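Summary of structural features
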Amino acid sequence: MGFLNKLAIAGVIVVILSSVVGFWGFWKFITYKLTSSVNLAPDTDIRKAWEKAPIAIDFKVYIFNITNPWEVHNGSKPVLQEIGPFAFFEWKEKVNVVDHNGNDTVSFNMKNTWIFNPEGSGGLTMDEIVVVPHMAMLGLVYIVEKRKPGSLRVVNNALPALYNSPETVFLTTSVRDLLFDGNVINCTSTEFAPSALCSAIRAQSASLHKVSDDIFKFSLFGVKNGTPEAGTFNVKRGTENYKDVGRVLLYNHEPQLYVWDGSQCNKLEGTDSTVFPALLSPQDDIDDIVSFSPDLCRSLGAKYQYSTEYQGFSAYSYTASLGDMANNPAEHCFCPTADTCLKKGALDLTECLESPIIVTLPHFYDTDPSYLETVEGLHPRGELHQIFLIFEPITGTPLSARKRLQFNIHLHAVKKVKIMINLPDALLPIFWVEEGVDLDQKFLDILDKSLFRPLRWVFGGRWVFLTLGLLMIATSFVIRYAMRNNLMPTYFDHEPAPTRRKTPSPAQVMDLSPSSTKY
């Protein structure tokens, strides 16, 4: 019976060890390693990849060509033709990086560099000619209309000199000039009206190409391309608390924004959008994927939708929207004024960008249907136009993501400006952009080899050892049962068989009688 006792005890030990180590101990070890290593401490691999992205982001631009500009000039509904994608490699880098050990933070400026990708552009070259709203001209008029309406007649008199005697508010230009090289703003005139406006233009020249003291060019991305942005981030490194990694504390040395009419909307929440905490938990609202975007002057949260799989990895899918400031009290502070709110899915960036731009999702996806009725040529589709992120939840690694935003201008008539008297009322799309990333097989293999392959070995091994332990215990009890019920030979217990007494023969009995005894 000693062997069976030892077998049962060994089985119990194997079961306990495999359960403790496989189901609790190893996971605790992995959690400890992740929470202590997924941070922005100096001279680590994660820090190096955070400072300079090891792969380029796919950046695509789609432009809305206005096919009936003269009809729109006279009050007709705009008819749009989407042209794109114009594809680019976007390289993200952080510069002017300074660590602050006292409060576990690091400060930096962002720098984005775009390089044209002809193969991803499907034959487009950026030499295509498009007709789009003249953003510099319309922006100037609408800002003055909002802030100094009494100066609109001065603006009307200045437009011919500034913009080469335009006949409409629509600009015919190449895509290259629109995106990067720029279109001219002429400040050479000495007349009162253009001179007065050029004083304001020179004050905002940081957002323009400066050709000379009197000639400027306006483009969408040219000034930003390869140039560090002015806004300075200060974020937590996460060495003290892994949940804090990348969390924005200060922007431009301020703990909040001063853009919106309400403290809730001015909060700096979430990360810098280039790093996210590990160990995501979709059951907890505090683990929404939140990041701060200077281009929107707000933090934007993505909510968990469902569990999925990406290239063999278990993952969580998140989506984001621009909210509904008119019907959500928490977002009411995003309204342009206390009494005027945009409808669902639209955000006014006038105070953020100093330009009358309204941002939505592309093709007015997930936006109030009334906006779609003001133009023709848009076809919203979730798979093409929503914002989504797919995260590996253990490491917080984005496996696949698409950030999509459309930039629009509220086109409307201005009676004091001659070329804008008959314009229709429409939320007019100008262009939309998509930033996307899909981790290629090389990085997926690194992630699998460094973390998930060991996890599979351990998680598989724990079941093997647990099964082995249970089999050892079961074997011990089965043998005991069989022995007690005489179902198998007892030598299984390794004890010697009892010696039988030999029965004497009749002859031997006779020999032992008294008459045969010799004296």
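All of the points below concern the structure found in this document. Here the structure is a predicted model, which means the values were calculated and not measured. (Residues numbered from 1 in each chain as written. Predicted model: local features only at pLDDT ≥ 70, side-chain atom pairs only at ≥ 80, totals over all residues. Heavy atoms only, no water.)

Orientation of helix H4 (residues 135-147) relative to helix H5 (residues 152-162), taken along the N-to-C sense of each, is 165 degrees, at an axis distance of 10 Å. Here H4 is positioned roughly antiparallel relative to H5, judged by the angle of their axes. When you trace H4 past H5, the crossing you get is right-handed. Here Met137, Leu140, Val141, Val144 and Glu145 of H4 lie close against H5, whose contacting residues are Leu152, Val155, Leu159 and Leu162. Class assignment for the residues of the contact of H4 with H5 results in eight nonpolar, no polar and one charged. (Axes fitted to C-alpha atoms, helices over the stretch in contact; angles between N-to-C directions. Helix = DSSP H or I, 4+ residues; strand = E, 2+ residues; numbered from the N terminus. Parallel < 35°, antiparallel > 145°, perpendicular 65-115°, else oblique. Left-handed = near helix turned anticlockwise from the far one by under 90°. Contact = heavy atoms within 4.5 Å. Nonpolar A, V, L, I, M, F, W, Y, C, P; charged D, E, K, R; others polar.)

Turning our eyes to something else, we now look at the packing of H5 against helix H7 (residues 192-203). Any two packed helices are characterised by the angle at which their axes cross and by the distance between the axes. At a minimum axis separation of 8 Å, H5 and H7 run at an interaxial angle of 85 degrees. Here H5 is positioned roughly perpendicular relative to H7, judged by the angle of their axes. Residue-level inspection shows Val154, Val155, Asn157, Ala158, Ala161 and Leu162 of H5 in contact with H7, the latter providing Phe192, Ala193, Pro194, Leu197, Cys198 and Ile201. A class-by-class count of the residues in the contact of H5 with H7 yields 11 nonpolar, one polar and no charged.

Right, let's get into the sheet that holds strand E6 (residues 183-186). In spatial order, the strands read E6-E8-E7; together these three strands make up an open sheet with antiparallel pairing. This sheet does not close on itself; its edge strands, each paired only once, are E6 and strand E7 (209-210). Note that E6 and strand E8 (residues 215-218) share four bridges and pair antiparallel. Residue pairing for E8: Asn183 is matched across the bridge by Phe218. (Pairing = 2+ DSSP bridges.)

The next point concerns the pairing of strand E18 (residues 426-438). Across the 13 residues that make up E18, a large majority, 12, are buried. Note: strand E1 (residues 57-66) against E18, six bridges, orientation antiparallel. Considered in E18, the bridge of Asp58 is made with Gly436. Bridge count between strand E17 (residues 397-411) and E18: 12 bridges; the pairing is antiparallel. Residue pairing for E18: Ser400 is matched across the bridge by Asp438. (Buried < 20%, exposed > 50% of the residue type's maximum accessible area, 1.4 Å probe, protein only.)

On to the packing of aromatic side chains, then. Aromatic ring pairs are defined here through the distance separating the ring centres and the angle between the ring planes. As enumerated under the stated definition, the model contains 21 aromatic pairs in all. Between Trp114 and Phe221, the ring centres sit 5.3 Å apart and the planes meet at 45 degrees, which makes this aromatic pair tilted. Of this pair, Trp114 sits in strand E3 (residues 105-116) while Phe221 sits in the loop between E8 and strand E9 (232-236); the two residues are 107 residues apart in sequence, bridging distant segments of the chain. For the pair Trp114 and Phe221, a shared accessibility class is recorded, and that class is buried. Ring centres of Tyr318 and Phe391 lie 5.9 Å apart, and the angle between their planes is 85 degrees; this geometry places the pair in the edge-to-face category. Residue Tyr318 is located in strand E13 (residues 313-320), and its partner Phe391 is located in strand E16 (residues 387-392); the two are separated by 73 residues in the primary sequence. Residue Phe391 is classed as buried on the basis of its relative accessible area of 0%. Here the aromatic residues Phe59, Phe88, Trp114, Phe116, Phe180, Phe221, Phe407 and Phe431 are joined through ring pairs into a cluster of three or more. A cation over a ring is seen here: Lys94 above Phe108, with NZ or CZ 5.5 Å from the ring centre. (Phe/Tyr/Trp six-rings, centres within 6.5 Å; stacked < 30°, edge-to-face > 60°. Lys NZ or Arg CZ within 6 Å of the ring centre and 35° of its normal.)

With that settled, consider empty space enclosed by the protein. Summed over the entire model, instances satisfying the criterion amount to two cavities of 30 Å³ or more. What lines the largest cavity is simply Val132, Pro133, His134, Met135, Ala136, Leu171, Leu178, Asn183 and Phe218. Tallied by class, residues from the lining of the largest cavity come to seven nonpolar, two polar and no charged. Along the walls of the second largest cavity sit Ser321, Leu322, Gly323, Lys344, Gly345, Leu361 and Asp366, which together make up its complete lining. Across the lining of the second largest cavity, the residue classes tally to two nonpolar, three polar and two charged. (1 Å grid on protein atoms, 1.4 Å probe; cavity = no way out; pocket = protein on both sides within 12 Å on 5 of 7 lines; lining within 4 Å. Points joined across faces, edges and corners; volume = space filled by probe spheres on them.)

So yeah, pure geometry; function would need other evidence.
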